[in-house]
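Here's the letter readout for the chains.
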Amino acid sequence: MGILETIKDPLDVKRLEAGELPLLAEEIRDLLVSSVARAGGHLGPNLGVVELTIALHRVFDSPRDPILFDTGHQAYVHKMLTGRAGHFGTLRQEGGLSGYPSRTESEHDFIENSHASTVLSYADGLAKAITLRGETDRTVVALIGDGALTGGMAWEALNNIAGRKDLPLIIVVNDNGRSYSPTIGGLASHLSSLRMSQGYEHVLELVKNNLGRVPLVGAPLYDTLHGIKKGLKDILTPQVMFEDLGLKYVGPIDGHDEGAVEAALRRARSFRGPVIVHVLTRKGNGYAHAENHDEDCFHSPQPFDIETGEERPRPHSWTNVFSGEMVEIGAERKDVVAITAAMLHPTGLAAFAEAYPDRIYDVGIAEQHALTSAAGLAMGGAHPVVAVYATFLNRAFDQLLMDVALHRQPVTVVLDRAGVTGDDGPSHNGMWDLSILQVIPGLSVAAPRDGARLRELLAEAVAIEDGPTVVRFPKGALPKDVEAVGKLGGMDVLRTGDADVLLVAVGPMAEICMEAATLLDAQGISATVVDPRWVKPLDEALVLAAAAHKLVVVVEDSGRVGGVGDAVARLLRDADVDVPVRTYGIPQRFLDHAKRAKILSEIGLTGQGLARQITEAVARRSQVMESHPARLAQPTD
Ligand SMILES: Cc1ncc(C[n+]2csc(CCOP(=O)(O)OP(=O)(O)O)c2C)c(N)n1
Ligand SMILES: CC(=O)[C@@H](O)[C@H](O)COP(=O)(O)O
Ligand SMILES: [Mg+2]
């Protein structure tokens, strides 16, 4: 029986002899590789924190000492050491282990939000609460990556934490030099200068070979080293930088030397005040295909072959089309520049970056900065294209509203992963943008239904110079192109029917609307299908189309509250067109992780599901009309 199988609780980790830990680490790595090879998930980040997480659970007493993870994608080892190793066969499966911390899974898990750069704020609050309650024997531990440390919230929190010498808080900076790609910016250069300098290698060698293993003498010698390090300040700037902030700094520590990490953590805990422990790790450590994976060290691979490291091929995706179109646009429009928030490859901007290296900006995990910097670029005569995952735009809402739209700046925001994403759980679904964007004056929003329309609408968006535009599309494989059979104002008519139902298909929902229309024929219900293309502002032609039908159905891959359906209902009400509007979309709740297709099916966003719901709506409508012939003002569904 392996060691890992015996770990039911962090106490079991504490009981192990130091000599057993390398074998435990090996078993953990084996389980990480086999689990992610089967189901996909975050391999590189978790391989990099094996020794670090073992040390955390040997030094601190989770959950009394809360151990918090920024973003949470690197918490698989934490899950294994808190009794869940046996569940990794269900990783990221519906009803199985979440790929992020989950409060319902374990008392050892605290933060479920996968949006980066939040952990220090949680830690600040938790540490204040503990202090207020006089629980002096507790310590809050926050693990933050070097990438997450480029996010503004992290510095807001650091500023607050530095002002409180009494907070029992240990900040572990997991510095592997990468987000997906190498981390950018001034902070990263600080950290990387440390890693690259000769003097640092000497310092690390000293730390690695002497202090970590000398329990009694280690601490004073460590202080001496710190003193010496002051003399090397041109080399060890992070210490200076953090200490200038008023924060104690311990490090840099070799994050794959479990003993050294343990010693550093114990030392940091003895300070009883906010301390930064700077740990150097390697993303993908221990699995060569991840270590040597140029793009992102197997940050979040598809299922793959363990022997060869070959990932399951990814289907031709919306992102691929966006990537190619951006290169085309970049050739024609020298004013077009692109901005990524540390996700150059995942958002498809790598090809643009290669073609136009002086017109790409990677701002780090800093979406707020990305949007306001884009406003500045636009004021300077550029047309920026900011590519982010839809859910991460939430963080930059005020910047889009007050820095971009208020000044009517021609910025194009491209939202990848719009709609249900699935595997990454509730905080990753792009189900908010069509609601929050409705309130932004002067902003136009396009939702392409297929690859051909993505190319067209992206070109239209970057041609709009009197205000901001948004183009949104979902995760995953492209559907077949659906050609229009006519036009209605600026809208595409995809199918003409009689007066029964007007189906308004938002973006990729066109595919299931066409399927539903065919199924409705069999029920004797005739549906017209239109694709608005631009869902904000809505096309006035929609009013006339609606007036000619008995029921309007809007289908959107976004939260129903305040989305396109509500906008259509408002448009018709304002035009005194008294036709009932039904909206089918994502229920306004946090969706548990599961495969995208499974979630869409469960919430009725399939051809069959739609046909069934519309049939029921038409039947309800008929009953109402029979029993109350006077048309009742119909609120939206
Ligand atoms: C606000 C936000 N933007 C983007 C992402 C996407 N994302 C997930 S992990 C990651 C990289 C994190 O890098 P780092 O903090 O260094 O952790 P590592 O993966 O290196 O352990 C990014 C950009 C996110 N989760 N949250
Ligand atoms: C943790 C995080 O935010 C990303 O790594 C996310 O898991 C990427 O998901 P995709 O697979 O959709 O790129
Ligand atoms: Mg990193």
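Residues numbered from 1 in each chain as written. Chains lettered and ligands numbered in written order. Predicted model: local features only at pLDDT ≥ 70, side-chain atom pairs only at ≥ 80, totals over all residues. Heavy atoms only, no water.

- In the nomenclature of an unreviewed UniProt entry, the chain corresponds to 1-deoxy-D-xylulose-5-phosphate synthase from the organism Microbispora bryophytorum.
- Comment text from UniProt for the chain, heading Sequence similarities (unreviewed entry), reads "Belongs to the transketolase family. DXPS subfamily." (UniProt positions renumbered as here; feature names shortened; annotations may be inferred.)

1. Thoughts on the site of ligand 1
Moving on, step 1. Every one of the 22 residues lining ligand 1 counts as a neighbour, but His73, Gly147, Ala148, Lys283 and Glu367 are closest to it.
Moving on, step 2. In the environment of ligand 1, a nitrogen atom lies 2.8 Å from a nitrogen or oxygen atom belonging to the backbone of Ser114.
Moving on, step 3. Compared with its free state, where it exposes 580 Å², ligand 1 has 98% of that area covered by protein.
Moving on, step 4. Across the shell around ligand 1, the residue classes tally to 7 nonpolar, 10 polar and 5 charged.
Moving on, step 5. Taken together, domain 1 (4-181 + 239-291) and domain 3 (318-472) each give at least three residues to the shell around ligand 1, which thus spans both. (Near = heavy atom within 4 Å. Polar contact = N/O pair within 3.5 Å; in protein donor to acceptor, adjacent residues only side chain to side chain. Areas by Shrake-Rupley, 256 points an atom, 1.4 Å probe, with all protein chains shown as cover. Nonpolar A, V, L, I, M, F, W, Y, C, P; charged D, E, K, R; others polar. Domains from an automatic or database assignment.)

2. Points about the site of ligand 2
Moving on, step 1. The full set of residues close to ligand 2 is His42, His73, Tyr100, Tyr180, His299, Tyr389, Phe392, Arg417, Asp424, His428 and Lys475.
Moving on, step 2. Residue Tyr389 places a side-chain N or O atom 2.6 Å away from an oxygen atom belonging to ligand 2.
Moving on, step 3. Asp424 is positioned such that a nitrogen or oxygen atom in its side chain is 2.9 Å from an oxygen atom of ligand 2.
Moving on, step 4. Contact with the protein chains removes 91% of the 360 Å² of surface that ligand 2 exposes when unbound.
Moving on, step 5. Split into classes, the residues belonging to the shell around ligand 2 amount to 4 nonpolar, 4 polar and 3 charged.
Moving on, step 6. A domain-level breakdown of the shell around ligand 2 finds at least three residues from each of domain 1 (4-181 + 239-291) and domain 3 (318-472).

3. Some details on the UniProt feature "binding site: Mg(2+)" (unreviewed entry) in the chain
Moving on, step 1. Here, UniProt's "binding site: Mg(2+)" (unreviewed entry) annotation points to Asp146 and Asn176. Despite a sequence span of 31 residues, these residues sit close together in the fold, their greatest C-alpha distance being 6.9 Å.
Moving on, step 2. Tracing the backbone through its elements, the reader meets Asp146 in the loop between strand E2 (140-145) and helix H7 (152-162).
Moving on, step 3. Inspection of the secondary structure puts Asn176 in the loop between strand E3 (169-175) and helix H8 (186-196).
Moving on, step 4. Excluding its chain neighbours within four sequence positions, the residues that come into contact with Asn176 are Asp146, Thr281, Arg282 and Lys283. (Helix = DSSP H or I, 4+ residues; strand = E, 2+ residues; numbered from the N terminus. Contact = heavy atoms within 4.5 Å.)

4. A look at the packing of helix H16 (residues 367-379) against helix H18 (residues 397-405)
Moving on, step 1. Contact pair H16 / H18: the axes reach a minimum separation of 9 Å and the direction vectors enclose 10°. As the angle between them shows, H16 and H18 are arranged roughly parallel. In this structure, H16 contributes Gln368, Leu371, Thr372 and Ala375 to the contact, and H18 contributes Gln399, Leu400, Asp403 and Val404.
Moving on, step 2. Of the residues assigned to the contact of H16 with H18, the class counts are 4 nonpolar, 3 polar and 1 charged. (Axes fitted to C-alpha atoms, helices over the stretch in contact; angles between N-to-C directions. Parallel < 35°, antiparallel > 145°, perpendicular 65-115°, else oblique.)

5. Looking at the sheet that holds E3
Moving on, step 1. What the 5 strands build is an open sheet, ordered E1-E2-E3-E5-E4; its pairing is parallel. Bordering the open sheet on either side are strand E1 (67-69) and strand E4 (248-254), each of which pairs with just one other strand. Strand-to-strand twist across the sheet, computed as the mean angle between neighbouring axes with direction ignored, equals 20°.
Moving on, step 2. Sheet analysis places E1 next to E2, joined by 3 bridges and oriented parallel. Residue pairing for E2: Ile67 is matched across the bridge by Val141. (Pairing = 2+ DSSP bridges.)

6. Some thoughts on the coordination of the magnesium ion (ligand 3)
Reference values for coordination geometry: four tetrahedral donors around a metal ideally subtend 109.5 degrees, six octahedral donors ideally subtend 90 or 180 degrees.
Moving on, step 1. Protein-derived ligands of the magnesium ion (ligand 3) are Asp146 (OD), Asn176 (OD1) and Arg178 (O), with the metal-ligand distances lying across 2.0 to 2.2 Å.
Moving on, step 2. Look at where the donors of the magnesium ion (ligand 3) fall in the sequence and you get D-x29-N-x1-R. Here Asn176 matches Arg178 in class, with each residue buried. (Donors = N, O, S within 2.8 Å, 3.2 Å for Na, K, Ca; no water. Buried < 20%, exposed > 50% of the residue type's maximum accessible area, 1.4 Å probe, protein only.)

7. Quick word on the sheet that holds strand E18 (residues 581-586)
Moving on, step 1. If you trace the 6 strands from one edge of the open sheet to the other, you get E12-E13-E15-E14-E17-E18, paired in mixed fashion. Of all the strands in the sheet, the pair left with one neighbour each is strand E12 (486-488) and E18. Shown here is a sheet whose adjacent strand axes are inclined to one another by a mean of 30°, direction ignored.
Moving on, step 2. Bridge count between strand E14 (residues 501-505) and strand E15 (residues 527-531): 4 bridges; the pairing is parallel. Of the residues in E15, the one forming a bridge with Leu502 is Thr528.
Moving on, step 3. Here helix H21 (residues 510-522) sits on the sheet and contacts strand E13 (491-495), E14, E15 and strand E17 (551-559); the angle it forms with E13, its principal contact strand, is near 40°.
Moving on, step 4. Across the face of the sheet, helix H23 (residues 564-574) comes into contact with E17 and E18 while running at roughly 145° to E17.

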